[in-house]
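Fold and geometry: a report
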Amino acid sequence: MQYRQLGRTGLRVSTFTLGTMGFGGTGWATPVGTIDVDGAREEIAIARDAGVNMIDTADVYSAGLSEEILGQALGDTREDWLIATKVRMPMGEGPNDAGLSRHHIIRGCEASLRRLGTDYIDLYQVHEWDGHTPLEETLTALDDLVRSGKVRYVGCSNYAAWHMMKALGVSEQRQLERFASNQLYYSLQNRDIEAEIVPACLDQGVGILVWSPIAGGLLSGKYRRGVEAPAGSRHLTDWSEPPVHDEDKLYDTIEVAVKIGESHGVSAARVSLAYIAQKPAVTSVIVGARTPDQLRDNLAAADLVLSADEIAALDDVSGSPLRYPFWHHRNTSTDRLSPADLSQISHYL
């Protein structure tokens, strides 16, 4: 397991993070897993043995049950771990039970601390954009939590590049705690973030934490063109994240991942994870699993290093044409492109 700096901070985070959406697994989270406290302890032990040092959760996962199970499962080992959780999503029916107002952030943090059974959160992330609340209000509330000692670092999640840049600008102007990370969807199934968000993160020193790196299981190798998926597979339910807009492209990508996996004697899931872990600006890849064996296989991706040719093959099959203005940059400006620019354009030169 490697450890990477989280953005511009001095915090070192394992290349893979344990995800806990399946802890509890009630309501909409049921397809991800229904892991109880004993199951959570087993997964935490597997992650620890693999060298993982961070666990990611959120208040909205199973309406707080994921945090409760995580806190109980960690027990007196809490100090051995970095805990990342999130706030923003609805936690009740009231008009102020969602969003990124000072009211909801402070209240959400206090509730997460109680459920987790801890007195501080290592990384507190705003789970989604709130276009109704001034960023000054959101960032001041987060800064107050850091100054109070209840939060160590702050991050965002699912922020567009302009959202993130605006927030960083407010933090700099007001001398408030800046986002150390942006947690994003990124996989071989969809590489949209490479256009704007990855270059912005590289330029600004914001680390990327990746959620759903095997696309909700689509890249596991279970789903093949013309092959019926196993019974109970998530793809056969109403689960819609991520949406699939081009099944042929997805199946072509899976075939390449399977072929590369066969050459290494590993699963397509492991190839897909290793691919994302080797991408620019990625600090840590969040992996969860419904079974201990799935988790072991996923975490073994930390030991898989794909060659430049293998990365290029996966880039080719899963990529999309350069959008404007980037194809124009490629055509006219290659003499003055920064590393952030090249993170997207280099493959097209």
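In this text the structure is predicted, and so the values were computed from the model without any measurement.

A few words now on a negative patch on the surface. On the surface, Asp 76, Glu 79, Asp 80 and Asp 119 cluster together to form a negatively charged patch. Position of Asp 76 among the secondary structure elements: in the loop between helix H2 (65-74) and strand E5 (82-87). On the accessibility criterion, Asp 76 (76% relative accessible area) is exposed.

Once that is clear, we can look at the pattern of salt bridges. When charged atoms on two side chains of opposite charge get close, those side chains can pair. Here the structure, examined in full by the defined rule, presents 17 salt bridges. Among the ionic pairs, Asp 248 bridges to Arg 225, the shortest N-O distance being 3.9 Å. Placement of Asp 248 in helix H7 (residues 247-264) and of Arg 225 in the loop between strand E9 (207-211) and H7 is noted, with a sequence separation of 23 residues between them. The closest approach of N and O atoms between Asp 315 and Lys 279, which form a salt bridge, is 2.9 Å. With a gap of 36 residues between them, Asp 315 in helix H10 (residues 308-318) and Lys 279 in the loop between helix H8 (268-277) and strand E10 (282-287) connect regions that are remote in the sequence. Note on Asp 315: relative accessible area 7%, which makes it buried.

Relative orientation of the contacting elements helix H4 (residues 135-148) and helix H5 (residues 161-174) amounts to 65°, with a least axis distance of 10 Å. Crossing of H4 against H5: the hand is right-handed. Facing Leu 135, Glu 136 and Leu 139 of H4, the residues of H5 in contact are Lys 166, Ala 167, Val 170, Ser 171 and Arg 174. Looking at the contact of H4 with H5 residue by residue, the class counts come to four nonpolar, one polar and three charged.

As a further point, take the environment of Leu 314. Secondary-structure assignment places Leu 314 in helix H10. Linking Leu 314 and Val 285, residues 29 residues apart in sequence, is a C-alpha distance of 18 Å. Sequence-distant contacts of Leu 314, defined by excluding residues within four places in its chain, comprise Leu 188, Arg 191, Val 256, Ala 257, Ile 260, Val 271, Tyr 275 and Leu 306.

Counting buried positions along strand E8 (residues 181-185) yields five of five residues, so the element is predominantly enclosed. Alternating residues of E8 divide into Ser 181, Gln 183 and Tyr 185 and Asn 182 and Leu 184, and every residue in both groups is buried. As defined by bridge partners, strand E7 (residues 151-157) adjoins E8 across two bridges and the pair is classed as parallel. By the bridge assignment for E8, Cys 156 is matched with Asn 182. Following the chain from E7 across H5 to the adjacent parallel E8, one finds a crossover that is right-handed. Where E8 meets E9, five bridges bridge the pair, whose relative direction is parallel. If you follow Asn 182 over to E9, its bridge partner there is Ile 208. Where the polypeptide runs from E8 across helix H6 (residues 197-204) and back to E9, its parallel neighbour, the crossover connection is right-handed.

With parallel pairing, eight strands are arranged side by side around a closed barrel as E3-E4-E5-E6-E7-E8-E9-E10. Direction aside, neighbouring strands of the sheet carry axes that sit 30° apart on average. Bridge analysis of strand E4 (residues 54-56) against E5 gives three bridges, and the strand direction is parallel. Counterpart to Ile 55 in the pairing with E5 is Ile 83. Helix-sheet contacts for H4 involve strand E6 (121-126) and E7, and the interaxial angle to E7 is about 150°.

Before going further, it helps to examine the environment of Ile 46. Assignment of secondary structure puts Ile 46 in helix H1 (residues 37-50). With relative accessibility at 10%, the residue Ile 46 sits in the buried group. In this structure, the C-alpha to C-alpha distance between Ile 46 and Leu 299, residues 253 residues apart in sequence, is 8.9 Å. The contact partners of Ile 46, leaving out residues within four places of it in the chain, are Pro 292, Leu 295, Arg 296 and Leu 299.

Attention now goes to the nonpolar core. For soluble globular proteins, the rule of thumb is that nonpolar side chains tend to be buried together. Grouped together as the largest cluster of nonpolar side chains are 88 residues, with contacts concentrated most on Tyr 124, Phe 179, Val 285 and Leu 306. The element best represented in this core is H8, accounting for eight residues. When neighbours within four sequence positions are excluded, Val 285 is seen to be in contact with Thr 15, Phe 16, Thr 17, Val 210, Pro 213, Leu 273, Ile 276 and Ala 277. Counting residues in hydrophobic clusters, the runner-up holds 10 residues, among them Leu 11, Leu 123, Leu 209 and Ile 286.

As a further point, take the packing of aromatic side chains. For the structure on display, the rule yields five aromatic pairs. Seen from their ring centres, Trp 129 and Trp 162 are 5.5 Å apart, and the 65° between their planes marks the pair as edge-to-face. With Trp 129 in the loop between E6 and H4 and Trp 162 in helix H5, this pair connects stretches of sequence that are 33 residues apart. Joined through ring pairs, the aromatic side chains of Trp 129, Tyr 159, Trp 162 and Phe 179 make up one cluster. Of note, Arg 78 hangs over the ring of Tyr 120, and the distance from its end group to the ring centre comes to 4.0 Å. One cation-aromatic arrangement involves Arg 152 over Tyr 120; the distance from NZ or CZ to the ring centre is 3.8 Å.

Rules used throughout
Residues numbered from 1 in each chain as written. Predicted model: local features only at pLDDT ≥ 70, side-chain atom pairs only at ≥ 80, totals over all residues. Heavy atoms only, no water. Patch = residues over 30% accessible without salt bridge, like charges linked within 9 Å, V, L, I, M, F, W, Y side chains within 5 Å. Areas by Shrake-Rupley, 256 points an atom, 1.4 Å probe, with all protein chains shown as cover. Salt bridge = Lys/Arg side-chain N within 4 Å of Asp/Glu carboxyl O. Lys, Arg positive; Asp, Glu negative; His and termini not counted. Charge placed at Lys NZ, Arg CZ, Asp CG, Glu CD. Helix = DSSP H or I, 4+ residues; strand = E, 2+ residues; numbered from the N terminus. Buried < 20%, exposed > 50% of the residue type's maximum accessible area, 1.4 Å probe, protein only. Axes fitted to C-alpha atoms, helices over the stretch in contact; angles between N-to-C directions. Left-handed = near helix turned anticlockwise from the far one by under 90°. Contact = heavy atoms within 4.5 Å. Nonpolar A, V, L, I, M, F, W, Y, C, P; charged D, E, K, R; others polar. Pairing = 2+ DSSP bridges. Right-handed = clockwise from strand over helix to strand, strands pointing away. Core = buried A, V, L, I, M, F, W, Y, C linked by side-chain atoms within 4.5 Å. Phe/Tyr/Trp six-rings, centres within 6.5 Å; stacked < 30°, edge-to-face > 60°. Lys NZ or Arg CZ within 6 Å of the ring centre and 35° of its normal.

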